[in-house]
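Working through the structure, step by step
Residue-level listing of the chains:
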Amino acid sequence: MRLTVIGTGYLGAVHAACMADIGHEVLGVDIDAHRIAMLSEGRTPFYEPGLQETLTRGVDSGRLRFTTSLREAAEFGDVHFVCVGTPQKEGSQAADLRYVDAVVEGLAPHLRRRCLIVGKSTVPAGTTAQLEVRLDTLAPMGADVEVAWNPEFLREGHAVEDTLRPDRIVAGVSSSRADSVLREVYAPMLRDGVPFISTDPATAELVKVAANSFLATKISFINAMAEVCEAAGADVTTLSEALGHDTRIGRPFLSAGLGFGGGCLPKDIRAFMARAGELGVGDSVAFLRQVDEINGRQRSRTVDIARSMVGGDLAGRRIAVLGATFKPNSDDVRDSPALSVAAAVHREGGIVRLYDPEGIENARSVLPQLEYVHDVAKTCEDADLVLHLTEWSEFRRIDPAVLAASVSVPRILDARNALDATLWRSAGWTVRALGRPTPPALPNQQATAPVTAVYSSDLG
Ligand code: NAD
């Protein structure tokens, strides 16, 4: 099939490359000419495991091309996937749909062939219906141009794998023709047994925000438990493990820590609250406000603990920060809890030196006032305190005995509950972690091994 993918960011670039990989002819479109030039040369504009190889295969095969022209896209495509950003609107909790609107308005007048516009961006319930009305006046082809919504559930850091082997495909369609077109697009996945849920557009739009709201709630739930654990001298990592064995609860997304961030969950739950308010059911999702507040509080709690660890004042203290991205295996720093903590420490006068395996350049563009270095050892040199803020596997492999020799004082705050506290303590470190007793409750009690199975890194 001939597909276009409009918007080639974290979602669109991966979608375009993967659609070419399963045999479609794909034209990627973006208004960012620099990005399009890079992609055309087979270079990825951001870090995502597996994307480089998939992109190279697509470009080399000739099945994957890129352009900045919506006219060219309109002439080329049978299916147009809309993958542009839907950020939080300035001064409001609602989603800013201006990029989605711009695509539809830019594409529609050029459409001269029967086609299906398929939204993949995360949007408020009712967006498809509104776009259908707009298209009636904008598209010369009238009813031959249809709109469907096919929300995306990929997780950054696993995006290629998730796109090629999704756990479900949700198709919000208004006709059997749209349903058939989407089944044809995803035919290889359907042959592999991936569930295909065909529904109306409003339900499809809601599935995505409901899924993200549930995940955010689960994370904030365990972070609230971490606050209670700290007050009670209990250990949230053991609590998570014990809760997780209950199959009705499940272990994923029960890792207490610095909370969620990124370009999706925070703005998605806010947009959901805003849309529910417009629909007159704001009270039904009012709990999401607390979910958001609990999440934000993990950042301030982390700064509070950091401050107390260095004696009550961060000013003039050398703080080594491990991690900038909102999750490991990504270079994405949008609404990153790690960067938010680093910025707060810097605002209080802390001398922040930061390292992240992939996120340094993005972090520098947001927070140029921090010092950036390119390895763990250099970051921690002469540090008064080390903050572990993003759970990259590289940080779990640090030898605490070696690192202890280069810091000023061996003190670490593990805000992700991902390090082996016993190992670090035995190497002479003072270790604090969110929701865990400090020092360990009983001298003869074995500290629980860090739970490495499931991290908040599974966020989209
Ligand atoms: P992004 O900011 O990385 O990418 C958006 C891209 O759209 C940019 O390259 C931008 O230049 C381009 N764009 C903007 N206006 C355009 C226009 N008029 N024509 C063509 N291109 C245009 O955003 P993202 O992370 O890829 O997210 C995109 C959407 O997908 C959002 O709604 C997001 O919530 C949703 N989503 C993202 C993820 C994820 O993990 N990133 C997962 C699921 C869903």
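Evaluated as defined, the whole model comprises three cavities of 30 Å³ or more. Taken as a whole, the largest cavity encloses approximately 70 Å³ of empty space. Residue lining of the largest cavity: 13 residues in total, with Val-123, Pro-124, Val-209, Ala-271 and Phe-272 positioned closest to the centre. Taken together, the elements giving at least two residues each to the lining of the largest cavity come down to α10 (201-232) and α12 (265-278). Considering every element that reaches the lining of the largest cavity, the biggest residue donor is α12, with five residues. Residues of the lining of the largest cavity, tallied by class, amount to eight nonpolar, two polar and three charged. Counting contributing residues per domain, the lining of the largest cavity is built from domain 1 (2-199) and domain 2 (202-460), each supplying no fewer than three.

We now examine the pattern of salt bridges. The final tally for this structure, using the stated rule, is 30 salt bridges. Ionic pairing is found between Arg-301 and Glu-230, a salt bridge with its closest N-O pair at 2.4 Å. Placement of Arg-301 in helix α13 (residues 287-309) and of Glu-230 in helix α10 is noted, with a sequence separation of 71 residues between them. Since its relative accessible area comes to 12%, Arg-301 is described here as buried.

All right, on to the domain arrangement of the chain then. Accessible area lost when the parts come together is the quantity often used to give the size of an interface. Each assigned domain of the chain is listed here: domain 1 (2-199) and domain 2 (202-460). In this structure, domain 1 and domain 2 have C-alpha centres spaced 32 Å apart. The interface of domain 1 with domain 2 comprises 32 residues on the first partner and 30 residues on the second. Each partner contributes to the roughly 2,400 Å² buried at the junction of domain 1 and domain 2, and carbon and sulfur atoms together form 55% of this total. Counting across the interface, domain 1 meets domain 2 through one salt bridge. A salt bridge links Arg-334 to Glu-156; its shortest N-O distance comes to 3.4 Å.

Take helix α6 (residues 127-138) next. The end-to-end C-alpha separation of α6 is 16 Å, in line with the 16 Å expected for twelve residues at 1.5 Å each. Those residues of α6 hidden inside the fold are in contact with α5 (98-107), β5 (115-119), β6 (145-149) and α10.

Rules behind the numbers
- Residues numbered from 1 in each chain as written.
- Predicted model: local features only at pLDDT ≥ 70, side-chain atom pairs only at ≥ 80, totals over all residues.
- Heavy atoms only, no water.
- 1 Å grid on protein atoms, 1.4 Å probe; cavity = no way out; pocket = protein on both sides within 12 Å on 5 of 7 lines; lining within 4 Å.
- Points joined across faces, edges and corners; volume = space filled by probe spheres on them.
- Helix = DSSP H or I, 4+ residues; strand = E, 2+ residues; numbered from the N terminus.
- Nonpolar A, V, L, I, M, F, W, Y, C, P; charged D, E, K, R; others polar.
- Domains from an automatic or database assignment.
- Salt bridge = Lys/Arg side-chain N within 4 Å of Asp/Glu carboxyl O.
- Buried < 20%, exposed > 50% of the residue type's maximum accessible area, 1.4 Å probe, protein only.
- Contact = heavy atoms within 4.5 Å.
- Buried area = accessible area lost by both parts, 1.4 Å probe.
- Expected span 1.5 Å × (residues − 1).

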